[in-house]
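# Structural characterization, general
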There are 2 protein chains.
Amino acid sequence: MTFSFEIIHRSSESHARLGKIHTPHGCVETPVLIPVGTQATVKSLTPEELCSLGVQIILGNTYHLYLRPGHDVIGKLGGLHRFMHWDRPILTDSGGYQVFSLAKLRKISDEGVTFQSHLDGSSHLLTPEKAIEIQEVLGSDIMMCLDECTPYPATHAVCQASLELSIAWAKRCKESHHADRGALFGIVQGGMFQDLRAQGVSALTDIGFDGYALGGLSVGEPKAAMLDISAFTLPLLPSSFPRYVMGVGAPEDLVELVSLGTDMFDCVIPTRNARNGQLFVSAGTINICNAQYRDDEGPIEEGCSCYTCRSYSRAYLRHLFMAKELLAYRLNTIHNIHYFMTLMSKMREAIRQGRFDLFKRGFYAQRSR
Amino acid sequence: MTFSFEIIHRSSESHARLGKIHTPHGCVETPVLIPVGTQATVKSLTPEELCSLGVQIILGNTYHLYLRPGHDVIGKLGGLHRFMHWDRPILTDSGGYQVFSLAKLRKISDEGVTFQSHLDGSSHLLTPEKAIEIQEVLGSDIMMCLDECTPYPATHAVCQASLELSIAWAKRCKESHHADRGALFGIVQGGMFQDLRAQGVSALTDIGFDGYALGGLSVGEPKAAMLDISAFTLPLLPSSFPRYVMGVGAPEDLVELVSLGTDMFDCVIPTRNARNGQLFVSAGTINICNAQYRDDEGPIEEGCSCYTCRSYSRAYLRHLFMAKELLAYRLNTIHNIHYFMTLMSKMREAIRQGRFDLFKRGFYAQRSR
C-alpha cells in the first residue's frame, strides 16, 4: 500500500482536524507527535514498550544513521525497520538540521553542504540527491527534503537567500526521489517573514509533495513569534495534505498548533527532558531531583495509568535519578511518552467529538492550578 | 512463614545437591545465582523483566543503600521490597565488603569500622549491631554478618587476626539480630589457610546461623586457590544448612562449586560484563564491539531464546553499544542474565535427574569447541 492522507473530521470551532495517514507500515492517526529515535532507538525503550505506550510512528535521524553505523550497513541488513525491530511507520529527516547544529566546518554551495563528522572529523558531502538516497536505503516511510535550516535571528536578505537555496534543493530532491519508495515531504523555510513563508509555500506546492512541513522553528525564537508565523503559514498549505511542524513541542505548543490545523509534530522534549529529570504532569512539570521528593511515596502524578506511576514512588524515582541508575532514564521516559501520547489522544478524541475548545479550556485550567 | 532450607535431592556422582530455601517472600530453588541489585535496582532492568528471566532472588548492598537514599527513607516507605517494587526474596550483604573496597580512610577497631562515604566524604561508623539494624530496617529476607574481608595475599598472622575479629563481630550480629526478622548467615573467613578456614567454620557453627557463607574469595587470588580452599572448606559446613560462596562467579566456577556442594552464589559478572559489552555464549564469551559484528545479522547465540536474541542482530547490538545507547546495556544484560539463569536451571535439572557429571562434561565440551 502506498502513501495517502485522509481527513476524518474537521473541528467546527477551530482549524483542528482529525486525520489518518496510510503508509506501507500501517496507519497513523493525526494529529500525531512523533518521538525521536535518533540512532535507531528511542533512547532506553524497546519497540514493544513504544507500542504499548501508543506510539504510532517514530523519527530516525539521517545524519546520525549515515555516519554510524552507515546506511549501507542498515540497508544490507534489510532496512531500518528490520534493523531496529520496529514494524510501524518511520519518518526520517534529511540530515540537514543536524549538519547545521552538530557537524563542524560546514561549507554550503549550490551543490550541497560539506561537513566534518562530529564523531571522527571525517569529511562528507551531503547533497539533495544523497539525502534522498540515504533515506531510500533506510527504507523510510516518510522522507524529508534536504533544506537549510535558517537560523534565528536572521535578516530578510539572509532568509530569502536561504529560502531560495532550500527551494532549489527541494526540486532536486523531488527529481531524485523514486515514486515507489516512501512519501516525500517539502519543508517551508523563510524565517519569521510572512512574505518569504508565503513564497516558500507557493514554490513547494508548485513542485508538489506528499505533505508539507514548517521548518526553522524552535531555533531560539520567542514562542509568540513561532506561533505567529505558524498561524500565518499553516492556512496557506493545501488542506488535503498533511501539515507537519518540525521540532515542536511543549504541551501548550502542541495544543495551540493542533488548533491551527497541524497534523504532525516531532520533538525530543518527552525523551530528553525525561533523562534530565523533568517529568510532565497535568499542572505542568516537576523536577524529580527536588529534595521534597526524598521520601514522597506518591506516584509522579496521581491517577496516571503509566507503568512508572502504577509501580513506583517519587522517592524511588528520585533515588534512581540521584544515583544515575539506568532504570531512572527508562522509567522517566515511559512516563513522559505516556503523558504526550495521552495528550495527543485526548486531542484527537476531542476533535472527533466536536469539543476541542472545551478540551483546550480544560487543558489550561489544569495548568493554572 | 519463616526461613527454612530443605534438600530435595543429592547427586550420587558429586557433592552437588538440589534444595529449596523458604523465605517470607517465597521459595528459592538451589543451587541459585543471585543477581546484584546494588542501589535497589538490578541495573537497567525492571522487576518484571527479572521475573520473566527466572530470577528468584536478588542482592541489595547495605553499604550503598545506607548512604543513599538511607535505610531510614526505605524503611519509612515500607522496606526495600516495596521501595523497589520487587516481591520475591532479597538477600542483603552487611556492607563490610564495600567499606573495604569503596570507602576511604577506613579505621578498624574492635567496635567496628569507621569510614568516609565514597559519595560525599561524610564519616560513618559501621558496627556489627548497626549492620544488622540497617538490614532489618531494609526488610531483608537473608542478612549477612558484618565481617572483615581479608585481602589477598595476606600472611597467616594477618588472616588469623582478621578471622578472630570477624568471629567476634559474628557473635555480636547474632546477639543483636531479632529472630522474627529475616534469616542471618555467618561468613567464614581465613584467607587461603586451611587451618584458619576450619577454625572459622567451627566458631561460626558454635554460634549457630541459618546458613554459612565463604567470604574473602574473588579478591585477586588465583582461580585454583579459590577452588582449592572452597573444596577444603565446603565439606566442613553442616550439610543441612545452605552453603553460600560470595562474589563468585564465572560460569566454570559455578559448575565446579555446585559440584562441590555450593547452594548459593552472588556475582556482578552477568550484569557488569554486559554493560562492558562482554556477552556469554555456550562456547565462552564474545565482545560485541568487535568489528567483525558490524554487519552480522545473526543473534548473539543461535538458538538462544532470550528476548535480545529473538529480536536483534549482533550488528544492531554492536551499533547500540558503539553509540553508547542506553538500550545497549539493557539488551546485553537481558541476554547475560538469561544465560546464567539457564545455566543454573540446567544444573538443577541435571542434579534432579542424576546426571550432573554428564552435564559437566557437556559444559566443557561446548567450551572447547
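About the cut-offs
Residues numbered from 1 in each chain as written. Chains lettered and ligands numbered in written order. Predicted model: local features only at pLDDT ≥ 70, side-chain atom pairs only at ≥ 80, totals over all residues. Helix = DSSP H or I, 4+ residues; strand = E, 2+ residues; numbered from the N terminus. Buried ≥ 20, exposed ≤ 12 C-beta atoms within 10 Å, placed from the backbone. Contact = placed C-beta atoms within 7 Å. Axes fitted to C-alpha atoms, helices over the stretch in contact; angles between N-to-C directions. Parallel < 35°, antiparallel > 145°, perpendicular 65-115°, else oblique. Left-handed = near helix turned anticlockwise from the far one by under 90°. Nonpolar A, V, L, I, M, F, W, Y, C, P; charged D, E, K, R; others polar. Pairing = 2+ DSSP bridges. Core = buried A, V, L, I, M, F, W, Y, C linked by C-beta atoms within 7 Å. Domains from an automatic or database assignment. Least-squares fit on C-alpha atoms with pLDDT ≥ 70 in both.

## Here's the deal with the overall build of chain A
Helix and strand counts for chain A come out as 15 helices and 16 strands. Considered along the principal axes of its C-alpha atoms, chain A spans approximately 60 × 50 × 45 Å. By residue count, 54% of the 369 residues in chain A fall in the buried class. Considering only contacts in chain A between residues 6 or more positions apart, those separated by 24 or more positions represent 66%.

## Quick notes on helix 13 (residues 314-322) of chain B
Along an α-helix, residues three or four apart share an orientation, since each turn contains 3.6 residues. Where burial is concerned, most of helix 13 of chain B is hidden: eight out of the nine residues are buried. Taken together, the buried positions of helix 13 of chain B are occupied by Arg 314, Ala 315, Tyr 316, Leu 317, Arg 318, His 319, Leu 320 and Phe 321 of chain B. Looking at the packing, one finds that the buried side of helix 13 of chain B touches helix 3 (71-76) and helix 4 (80-84) of chain A together with helix 14 (326-352) of chain B.

## Brief notes about the packing of helix 8 (residues 194-207) of chain A against helix 9 (residues 223-233) of chain A
Residue and element names in this part refer to chain A. Two numbers describe how helix 8 lies on helix 9: the axes approach to 10 Å, and their chain directions differ by 45 degrees. In this view, helix 8 runs oblique relative to helix 9, as classed from their interaxial angle. Along this stretch, helix 8 crosses helix 9, giving a crossing that reads as right-handed. Between helix 8 and helix 9, the contacting residues are Gln 194, Arg 197 and Val 201 on the first element and Ile 229, Phe 232 and Thr 233 on the second. A per-class count over the contact of helix 8 with helix 9 returns three nonpolar, two polar and one charged.

## What to know about the environment of Met 246 of chain B
Within the secondary structure layout, Met 246 of chain B lies in the loop between strand 13 (243-245) and helix 10 (251-259). If we ignore the near neighbours within four places in the chain, the residues touching Met 246 of chain B are Ala 213, Leu 214, Gly 215, Leu 217 and Asp 266 of chain B.

## Considering the sheet that holds strand 5 (residues 58-60) of chain B
All names here are of chain B. Judged by pairing direction, the sheet is parallel, and its eight strands sit side by side in the order 4-14-13-12-11-10-6-5 without closing on themselves. The open sheet has two free edges, formed respectively by strand 4 (32-35) and strand 5, since each of these has just one partner strand. Adjacent strand axes in the sheet meet at a mean angle of 25 degrees, parallel and antiparallel pairs treated alike. Sheet topology places strand 10 (residues 142-144) next to strand 11 (residues 183-188); three bridges connect them, and they run parallel. In the sheet register, Ile 142 faces strand 11, and the bridge partner there is Ala 183.

## Focus: the nonpolar core
By size, the foremost hydrophobic cluster in this structure holds 220 residues, and its most contacted members are Phe 185 of chain A together with Phe 185 of chain B. Discounting residues that sit within four places of it in the chain, Phe 185 of chain B has contacts with Ile 142, Met 144, Cys 145, Phe 209, Asp 210, Gly 211, Tyr 212, Ala 213 and Tyr 244 of chain B.

## Notes on the sheet that holds strand 9 (residues 123-126) of chain B
Residues and elements named next belong to chain B. With respect to topology, three strands assemble into an open sheet ordered 7-8-9, the strand pairing being antiparallel. Sheet topology places strand 7 (104-108) and strand 9 at the edges, where each strand pairs with a single neighbour. The sheet shows a mean angle of 20 degrees between the axes of neighbouring strands, direction not considered. Pairing between strand 7 and strand 8 (residues 113-116): three bridges, direction antiparallel.

## Focus: the domain arrangement of chain A
How big an interface is tends to be reported as the loss of accessible area on association of its parts. Residue and element names in this part refer to chain A. Here chain A is described as being made up of domain 1 (32-267) and domain 2 (268-369). A C-alpha centroid distance of 27 Å is found between domain 1 and domain 2. If you look at the interface, domain 1 gives 20 residues, while domain 2 gives 21 residues. Only strand 4 (32-35) and helix 10 (251-259) provide two or more residues apiece to the side of domain 1 that touches domain 2. Per-element tally for the side of domain 1 that touches domain 2: the top contributor is helix 10, with five residues. Considered class by class, the residues forming the side of domain 1 that touches domain 2 number 14 nonpolar, four polar and two charged.

## Observations concerning the interface of chain B and chain A
Counting from both sides, the interface comprises 29 residues of chain B and, opposite them, 29 residues of chain A. The element best represented in the side of chain B that touches chain A is helix 13 of chain B, accounting for five residues. Looking at side-chain class alone, the side of chain B that touches chain A contains 15 nonpolar, seven polar and seven charged residues.

## What about the relation of the copies chain B and chain A?
Rotating chain B by 180 degrees and moving it 0.0 Å along the rotation axis overlays it on chain A with an RMSD of 0.0 Å. With respect to symmetry, the two chain copies, as superposed, fit the operation of a two-fold axis. Closest to the rotation axis within chain B is the C-alpha of Leu 326 of chain B, separated from it by 3.6 Å. Both copies present the same face, since 100% of the interface residues in chain B are matched by interface residues at the equivalent positions in chain A.

## Regarding unusual backbone geometry
Note the cis peptide between Arg 68 of chain A and Pro 69 of chain A, where omega equals 5 degrees. With an omega of 5 degrees, the peptide bond between Thr 30 of chain B and Pro 31 of chain B qualifies as cis. Its location among the elements puts Pro 31 of chain B in the loop between strand 3 (26-30) and strand 4. At His 85 of chain B, a residue that is not glycine, the phi angle is positive and equals roughly 65 degrees.

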